[in-house]
Amino acid sequence: QVQLVESGGGLVQPGGSLRLSCTASGRIFSISGMGWYRQAPGKQRELVARATSGGSTNYADSVRGRFTISRDIAKNTVYLQMNSLKPEDTAVYYCNADGVLGYTTSGDYWGQGTQVTVSS
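What follows concerns the layout of surface pockets. Taken as a whole, the largest pocket spans an internal volume of roughly 180 Å³. The wall of the largest pocket is formed by 13 residues, among which Arg-38, Ala-40, Lys-43, Glu-46 and Glu-88 lie closest to the centre. The residue inventory of the lining of the largest pocket, partitioned by class, reads two nonpolar, four polar and seven charged.

This brings us to unusual backbone geometry. Despite not being glycine, Asn-76 shows a phi value in the positive range, around 50°. Relative to the helices and strands, Asn-76 is located in the loop between β7 (67-72) and β8 (77-82). With phi around 50°, Ser-84 is a residue other than glycine that occupies positive phi space. As for its position among the elements, Ser-84 is in the loop between β8 and β9 (91-102). A relative accessible area of 41% places Ser-84 in the partly exposed class.

Within a beta sheet, neighbouring strands are joined by backbone hydrogen bonds and run either parallel or antiparallel to one another. Taken in spatial order, the four strands line up as β1-β3-β8-β7 in an open sheet, and their pairing is antiparallel. Single-partner strands in this sheet number two, and they are β1 (3-7) and β7. Neighbour to neighbour, the strand axes of the sheet diverge by 15° on average, direction disregarded. As paired elements, strand β3 (residues 18-25) and β8 share six bridges and run antiparallel to each other. Bridged to Leu-20 within β8 is Leu-80.

If you look at the biggest cluster of nonpolar residues, it comprises 32 residues, and the most contacted ones within it are Trp-36, Leu-80, Met-82 and Tyr-93. Those elements giving two or more residues to this core turn out to be β3, β4 (28-39), β5 (46-52), β7, β8, β9 and β11 (114-118). The leading source of residues in this core is β9, at five residues. The contact partners of Tyr-93, leaving out residues within four places of it in the chain, are Glu-6, Leu-20, Trp-36, Tyr-37, Arg-38, Val-48, Phe-67, Leu-80, Met-82, Gly-113, Thr-114 and Val-116.

Attention shifts here to the state of the cysteines. Evaluated as defined, the whole model comprises one disulfide. Cys-22 shares a disulfide with Cys-95; S-S distance 2.1 Å. Classification of the bridge connecting Cys-22 and Cys-95 rests on its S-S torsion, roughly -80°, and on that basis the disulfide is left-handed. One end of the pair, Cys-22, is in strand β3; the other, Cys-95, is in strand β9, and 73 residues separate them in sequence. Across this residue pair, the class does not change: Cys-22 and Cys-95 are buried.

Definitions and cut-offs
Residues numbered from 1 in each chain as written. Predicted model: local features only at pLDDT ≥ 70, side-chain atom pairs only at ≥ 80, totals over all residues. Heavy atoms only, no water. 1 Å grid on protein atoms, 1.4 Å probe; cavity = no way out; pocket = protein on both sides within 12 Å on 5 of 7 lines; lining within 4 Å. Points joined across faces, edges and corners; volume = space filled by probe spheres on them. Nonpolar A, V, L, I, M, F, W, Y, C, P; charged D, E, K, R; others polar. Helix = DSSP H or I, 4+ residues; strand = E, 2+ residues; numbered from the N terminus. Buried < 20%, exposed > 50% of the residue type's maximum accessible area, 1.4 Å probe, protein only. Pairing = 2+ DSSP bridges. Axes fitted to C-alpha atoms, helices over the stretch in contact; angles between N-to-C directions. Core = buried A, V, L, I, M, F, W, Y, C linked by side-chain atoms within 4.5 Å. Contact = heavy atoms within 4.5 Å. Disulfide = S-S within 2.5 Å.

Here's what the structure looks like:
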């Protein structure tokens, strides 16, 4: 069984920073992509950033230049450094791992979500 465990959310003032972490646990051979999505109240879940095992990254236009995604392949961990946070970044942030190849399972997986609130 593969599980994703997130940490690092919280309350921050506008202009502040937060760092999210997500680790995939279980008997895993490889993970193709790891990324972060977010969902604000009344809105659809949207991609924030994604990083492939080959080192490619992509970002939503709304966060490019403020957020940085990185991966530790050996630790099956992905990070999201969020700087210059704005109130509109407030949402539940979900970690996603796609193309997971495990000893007994494969597929895409989601974390439970972590709340990020940007408010003064």
